[in-house]
Amino acid sequence: MLRLRAFRPTNEKIVKIALHPTHPWLVTADASDHVSVWNWEHRQVIYELKAGGVDQRRLVGAKLEKLAEGESVPKGKPTEAIRGGSVKQVSFFDDDVRFWQLWRNRSAAAEAPSAVNQLTSAFASPAPSTKGRHFLVICCENKAIFLDLVTMRGRDVPKQDLDNKSLLCMEFLSRSSAGDSPLVAFGGSDGVIRVLSMMTWKLVRRYTGGHKGSISCLMTFMASSGEALLVSGASDGLLILWSADHGQDSRELVPKLSLKAHDGGVVAVELSRVIGGAPQLITIGADKTLAIWDTISFKELRRIKPVPKLACHSIASWCHPRAPNLDILTCVKDSYIWAIEHPTYSALTRPLCDLSSLVPPQIVAPNKKLRVYCMVAHPLQPHLVATGTNIGVIVSEFDARSLPPVVPIPTPAESREHSAVYIVERELKLLNFQLSNAANPSLGNNGSLSETGKLLGDSLQPLHVKQIKKHISTPVPHDSYSALSVSSSGKYLAIVWPDIPYFSIYKVSDWSIVDSGSARLLAWDTCCDRFAILESALPPRMPVLPKGSSSRKAKEAAAAAAQAAAAAATAASANVQVRILLDDGTSNILMRSIGSRSEPVVGLHGGALLGVAYRTSRRVSPGAATAISTIQSMPLSGFGSSSSFATYDDGFSSQRSPSEAVPQNFQLFSWETFQPVGGLLPQPEWTAWDQTVEYCALAYQHYIVICSLRPQFRYLGDVAIAYATGGVWQRRQLFVATPTTIEGVFVDAGVAPVDIETRKKKEEMKLKEAQSRALAEHGELALITVEGPQTVAEERLTLRPPMLQVVRLASFQHAPSVPPFLSLPKQSKVDGDDSTMLKEMEERKVNEIAVGGGGVTVAVTRFPTEQKRPVGPLIVVGVRDGVLWLIDRYMTVHALSLSHPGIRCRCLAAYGDAVSAVKWASRLAREHHDDLAQFMLGMGYATEALHLPGISKRLEFDLAMKSNDLKRALQCLLTMSNSRDIGQDNPGLDLNDILNLTAKKENLVEAVQGIVKFAREFLDLIDAADATAQADIAREALKRLATAGSVKGALQGHELKGLALRLANHGELTRLSVSCNVHILSFRLVIGAV
């Protein structure tokens, strides 16, 4: 599945390209040395400059900035006026780039069995060094340009500051110490690597004595021993390793190891992460070869020529679940992106896609062919690949909805070790994982603070995960793309290879195969070990024609074969079969064909109901049939067409006009009767059903629809979570993964009229059943009743709207921060050490943790800062041990903490434990209790929310009314209206006493004003008290309201009418009028005196 995500036409060919890891930014340099920063998501150009020559706008802007700051214009030539020369490399640099560069290096090194630290999910973020800044760095021959995209201020470093040698490439050095300034290494034309400090803008050290030619590429990585290394390639064909672990005093560094890599020079170097092994280095050279190197012995593992007679000029390590055997992407000067399958084994090179099929035909001139000059894969989203061509920039998307071949299996009740099953090549493996720390911070140790003052388990203290991979003796028959799923009981595992097509059902207890066959799609029932498959028949073989046959016979045979193949494909696509697995492990067919529609089936979705998606006639392209199905069918690994990804129109792409109607091609069927349930719906990309069969989520491209299933199917609402790839229910919580974030959705169906009707019907049925049982036991005497006074406390069922709340748990980006030059006074001294600035910034930063009474840690933020989302497509396992588990493409387990009180209280309330949620609220600052109380009210816990100590009186009144605690509602209303002393019986207070109390004047006026302000609430309280026979509360409220009603003009007409009706309907009017007359008279006298 291939889609054009973005395209920007240009007149010049694009020769340099780079992607920002977290922002949708792309920087390019063309053959004329023009540099552009483009937002590929919104199709907007952010910044442009002429880097090769002299950019007059930057030159004038720099002069104006210096004049505005009171600085005199220097006599010499400003650095902005120096011609940059040829652009050699473009890149971004900020805290996000620094973090993910270090994360990539450490996670790749931790894969090795001999790695020092295999807990990659416990990797902590380095100290921020470019806070609030986003640098665009351009390496030109004559100077390096550092441009801050936030303030648009730049800094040009001429080559004269770097020993007057031409700059040919650059790399940022990862430093994790708090006081370190950012460092950038430049490869020079003399074979020397020079390191520049971005704080002092001075040369701090050199790497010498290695290369004899000009350096063409630089890259940092980490060895499995934990040592940080810098690798360089040059025109002399050498690949040299340098130590990146150096102290402040080292000025000259010599090489650690030198390798002869390529004849004619090294063009590029890339780091490849290997599952279960040490990372590898990939190099391409001018000799048109590609070499793979081991990072432990640094021996050559493989050398190939990817494309004969053409030299590769870009290389990218790739790990996409839809193409499990394709590990390396490269490009030459043609229209293809090439992929290398099994680089260290078969090393087959095949075209991944033809870019000329993506762009509109009118873009390319008739006598012009598309040529690729540079390529880069997105560092965090492997489904995105950007290419620079002779017609513009192309951002391609390769099947963003494919998930890793791994599935969790149920955990035994008393076990703290969880398991998942995954496939690597043709091996079935078991992944066991658990939290490695003995004191689990996610379970909430009361008041545990780390040394830095942060809650353990929060985003700055990642959870340590212990994981063990075990081999399962049962082999799997294929190594192509596969999709795994587990039955509702967890006893059976299903694997589908849609490209073959083939499926197998394994029994988890002994991993024996209980069922297999030809199928392209498979879906499980959530209530029973029952599944549906879309059978696929193999296409018939073409008849072998004898040499002497005529052309007419050949045409007839070909036509007959094509007709038979089409008929077989149609029949296979429409044949949805349902099977059940019995207790003895045998598989039986329940229904051979579901549905009577003639359209081919393109998707199956399991759950409490079976969802079947049909191909609509509007879709024309062959790839559209499987565009939004849970398991796609696309040719890979030598099956089908020669290209790995086919271009398609998914029907939901961003190019689609909003006015175009979404096709209704999705039908739900009952697993019991196999009959349609309801009408046709738009086809979702995936579905998720709650295990208790209460809620359902239907995911579409730009939103997720949430539905309630009991007592009847009801639409609750939709949440704007775009491009979701999968989700898991946990009671009333839906945890969703998107390509860039992890979201949590809290859901409650509320109370609808149908719920009240259903409840009444159930009560009537229970009453009839009780009467029938009594009649059967005691005869007609059981029906005799004695009429008498009865007091029945009728429970008031009020309607409650559905509630949907979305909380972002993790993302790729750092938390928003304020640049130091905006939050701190200007410093006159800018030496090498910036620890003073960092210290002041930390002091000014608002801390997320305060210490409350009794030493309890109290979170002062409503929600925690977003945690780091793991890279690439993810499988959401669910919540176990109080944390959210995730598994990535490299079969590494990650745990997201849910220990922040703002999240923890919501999870407990959604789970049904509102009492524990109120207890956990003591760890949340009181200013956030109103927000939490509103959430609990939406969840149906108004009574429990009243126990939150920090709620406001106005909200407390609403909660008391909702929970029928009218006495507390009255007290809140008296406090809010300041009328607690109004309406009280004070027989010892006569008229003279009232006139002498001057302080009483203001109190009476304020009390009446407060009663008038909350008149509507007083009326509601009186009605609620009368409805529940609480006359004392109604009388107290009537006293206050009658006092305010005696003042002319205080209450409005409809309020006076309501007051009169309630006074007339109340039983004790005489006592009420007597008690009110004294206060009415006193108030009139006070007003007259004023």
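Residues numbered from 1 in each chain as written. Predicted model: local features only at pLDDT ≥ 70, side-chain atom pairs only at ≥ 80, totals over all residues. Heavy atoms only, no water.

1. Things to note about the overall build of the chain
(1) Moving on: Secondary structure assignment for the chain yields 18 helices and 59 strands.
(2) Moving on: Out of the 1090 residues belonging to the chain, those deemed buried represent 54%.
(3) Moving on: On the chain, roughly 48,400 Å² of surface is accessible, and the fraction owed to carbon and sulfur atoms is 53%. (Helix = DSSP H or I, 4+ residues; strand = E, 2+ residues; numbered from the N terminus. Buried < 20%, exposed > 50% of the residue type's maximum accessible area, 1.4 Å probe, protein only. Areas by Shrake-Rupley, 256 points an atom, 1.4 Å probe, with all protein chains shown as cover.)

2. As for unusual backbone geometry
(1) Moving on: A cis amide bond links Ile500 with the next residue in sequence, Pro501, at an omega value of -10 degrees.
(2) Moving on: Mapped onto the fold, Pro501 is located in the loop between strand 35 (492-497) and strand 36 (502-507).
(3) Moving on: Along the chain, Arg710 connects to Pro711 via a cis peptide bond; the corresponding omega equals 0 degrees.
(4) Moving on: Residues other than glycine seldom take positive phi values, yet Phe674 does so here, at roughly 60 degrees.
(5) Moving on: Structurally, Phe674 can be placed in the loop between strand 44 (664-669) and strand 45 (676-682).
(6) Moving on: If you check the backbone angles, Ala1029 has positive phi at about 60 degrees while not being a glycine.

3. What to know about the pairing of strand 48 (residues 704-708)
(1) Moving on: Within strand 48, five of the five residues are buried, leaving the element largely enclosed by the surrounding structure.
(2) Moving on: Burial of the side chains of strand 48 extends over both faces: Ile704, Ile706 and Ser708 are buried on one face and Val705 and Cys707 on the other.
(3) Moving on: Remark: four residues form the turn of the hairpin made by strand 47 (residues 695-699) and strand 48, two consecutive strands paired antiparallel.
(4) Moving on: Sheet analysis places strand 48 next to strand 49 (residues 714-719), joined by five bridges and oriented antiparallel. If you follow Val705 over to strand 49, its bridge partner there is Asp718.
(5) Moving on: Connecting the antiparallel pair strand 48 and strand 49 is a turn made up of five residues. (Pairing = 2+ DSSP bridges.)

4. Focus: the sheet that holds strand 27 (residues 372-377)
(1) Moving on: Pairing within the open sheet is antiparallel, and its four strands lie in the order 1-29-28-27. Every other strand in the sheet has two partners, leaving strand 1 (2-9) and strand 27 as the edge strands with one partner each. In this sheet, adjacent strand axes meet at a mean angle of 20 degrees when their direction is disregarded.
(2) Moving on: Summarising the sheet, strand 1 and strand 29 (residues 392-398) pair through seven bridges and their orientation is antiparallel. Its bridge partner being in strand 29, Leu2 is matched across the sheet by Phe398. (Axes fitted to C-alpha atoms, helices over the stretch in contact; angles between N-to-C directions.)

5. Examining the sheet that holds strand 8 (residues 143-148)
(1) Moving on: The strand order across the open sheet built from four strands is 6-7-8-9, with neighbouring strands paired in antiparallel fashion. Each edge of the sheet is formed by a strand with only one pairing partner; in this case those strands are strand 6 (87-93) and strand 9 (154-158). Along the sheet, successive strands turn relative to each other by an average axial angle of 15 degrees, direction set aside.
(2) Moving on: Pairing geometry for strand 6 and strand 7 (residues 135-140), over six bridges, is antiparallel.

6. Section: the environment of Pro308
(1) Moving on: With respect to the helices, strands and loops of the structure, Pro308 is situated in the loop between strand 22 (300-304) and strand 23 (314-317).
(2) Moving on: With a relative accessible area of 61%, Pro308 lands in the exposed category.
(3) Moving on: Once the C-alpha coordinates of Pro308 and Thr289 are considered, the two residues, 19 residues apart in sequence, prove to be 9.2 Å apart.

7. Some thoughts on the packing of aromatic side chains
(1) Moving on: On inspection of all chains with the given rule, the structure shows 16 aromatic pairs.
(2) Moving on: Centroid distance Tyr336 to Trp338: 5.6 Å. Interplanar angle 55 degrees. Geometry classified as tilted.
(3) Moving on: You can call Tyr336 partly exposed: its relative accessible area is 30%.
(4) Moving on: Here Trp497 and Tyr502 contribute two aromatic rings whose centre-to-centre distance is 6.2 Å and whose plane-to-plane angle is 35 degrees, an arrangement assigned as tilted.
(5) Moving on: Since its relative accessible area comes to 0%, Trp497 is described here as buried.
(6) Moving on: Residue classification places Tyr502 among the partly exposed positions, given a relative accessible area of 25%.
(7) Moving on: An aromatic cluster is defined as three or more aromatic residues linked by ring pairs; in this entry it consists of Phe99, Trp100, Trp103 and Phe812.
(8) Moving on: One cation-aromatic arrangement involves Arg731 over Tyr911; the distance from NZ or CZ to the ring centre is 4.3 Å. (Phe/Tyr/Trp six-rings, centres within 6.5 Å; stacked < 30°, edge-to-face > 60°. Lys NZ or Arg CZ within 6 Å of the ring centre and 35° of its normal.)

8. Side note on helix 16 (residues 1031-1045)
Think of an α-helix as 3.6 residues a turn; residues three or four steps apart then line up on the same face.
(1) Moving on: Taking 1.5 Å as the rise per residue, helix 16 with 15 residues should run 21 Å; its terminal C-alpha atoms sit 20 Å apart, in good agreement.
(2) Moving on: With respect to burial, helix 16 is a largely interior element, eleven of its 15 residues being buried. (Expected span 1.5 Å × (residues − 1).)

9. Details of the environment of Asp1032
(1) Moving on: Of note, Asp1032 is situated in helix 16.
(2) Moving on: The exposed category is assigned to Asp1032, whose relative accessible area is 55%.
(3) Moving on: Distance in space between the C-alpha atoms of Asp1032 and Lys967 is 9.3 Å, their sequence separation being 65 residues.
(4) Moving on: Polar side-chain contacts of Asp1032 include one of 3.0 Å to the side chain of Arg1035. (Polar contact = N/O pair within 3.5 Å; in protein donor to acceptor, adjacent residues only side chain to side chain.)

10. Focus: the packing of helix 9 (residues 929-938) against helix 11 (residues 953-962)
(1) Moving on: Running from N to C, helix 9 and helix 11 point in directions that differ by 20 degrees, and their axes come no closer than 11 Å. Taken together, the axes of helix 9 and helix 11 lie roughly parallel to each other. Viewed along their axes, helix 9 and helix 11 form a crossing whose handedness is left-handed. Note on element contacts: helix 11 touches helix 9 through Leu955, Leu959 and Lys962, opposite Asp930, Ala933, Gln934 and Leu937.
(2) Moving on: Classifying every residue of the contact of helix 9 with helix 11 by side-chain character gives four nonpolar, one polar and two charged. (Parallel < 35°, antiparallel > 145°, perpendicular 65-115°, else oblique. Left-handed = near helix turned anticlockwise from the far one by under 90°. Contact = heavy atoms within 4.5 Å. Nonpolar A, V, L, I, M, F, W, Y, C, P; charged D, E, K, R; others polar.)

11. Digging into the nonpolar core
(1) Moving on: Counting residues in hydrophobic clusters, the biggest one holds 71 residues, and the most contacted among them are Ile742, Leu884, Met936, Leu959, Leu1021 and Leu1041.
(2) Moving on: If one sorts the elements of this core by residue count, helix 15 (residues 1015-1027) sits on top with seven residues.
(3) Moving on: In this structure Leu1041 touches Ile1011, Ala1015, Phe1018, Leu1019, Ile1022, Leu1051 and Leu1059, once residues within four positions along its chain are discounted.
(4) Moving on: Counting residues in each nonpolar core, the second largest holds 36 residues, with Val27, Val97, Leu147 and Leu196 among its members. (Core = buried A, V, L, I, M, F, W, Y, C linked by side-chain atoms within 4.5 Å.)

12. A few points about the pattern of salt bridges
(1) Moving on: With the rule as written, the count across this model stands at 36 salt bridges.
(2) Moving on: Between Arg3 and Glu397 there is a salt bridge, with the nearest N and O atoms lying 3.0 Å from each other. With Arg3 in strand 1 and Glu397 in strand 29, this pair connects stretches of sequence that are 394 residues apart.
(3) Moving on: The exposure class of Arg3 is buried, given its relative accessible area of 6%.
(4) Moving on: For the salt bridge of Glu599 with Arg597, the shortest nitrogen-to-oxygen distance reads 3.2 Å.
(5) Moving on: By relative accessible area, Arg597 is classed as partly exposed at 32%.
(6) Moving on: Overlapping salt bridges, with partners in common, bring together Asp163, Asp190, Arg194 and Arg206 in one network. (Salt bridge = Lys/Arg side-chain N within 4 Å of Asp/Glu carboxyl O.)

13. Comments concerning the packing of helix 15 against helix 16
(1) Moving on: For the pair helix 15 and helix 16, interaxial distance at closest approach is 8 Å and the crossing angle is 155 degrees. Of the possible angle classes, the one that applies to helix 15 and helix 16 is roughly antiparallel. Seen along the crossing, helix 15 lies across helix 16 with a hand that is left-handed. Between helix 15, through Ala1015, Phe1018, Leu1019, Leu1021, Ile1022, Ala1025 and Asp1026, and helix 16, the contact on the second element is made entirely by Ile1033, Ala1034, Ala1037, Leu1038, Arg1040 and Leu1041.
(2) Moving on: The class makeup of the residues in the contact of helix 15 with helix 16 is eleven nonpolar, no polar and two charged.

14. Remarks on the pairing of strand 4 (residues 34-39)
(1) Moving on: Summarising burial for strand 4: five of the six residues are buried, a large majority.
(2) Moving on: Looking at chain direction, strand 3 (residues 25-30) and strand 4 are connected through five bridges and run antiparallel. Residue pairing for strand 4: Val27 is matched across the bridge by Val37.
(3) Moving on: The hairpin turn running from strand 3 into strand 4, its antiparallel successor, is three residues long, and Asp33 in that turn takes a positive phi close to 65 degrees.
(4) Moving on: In this antiparallel pair of consecutive strands, strand 4 and strand 5 (residues 44-50), the connection spans four residues, and Arg43 shows a positive phi of 55 degrees.

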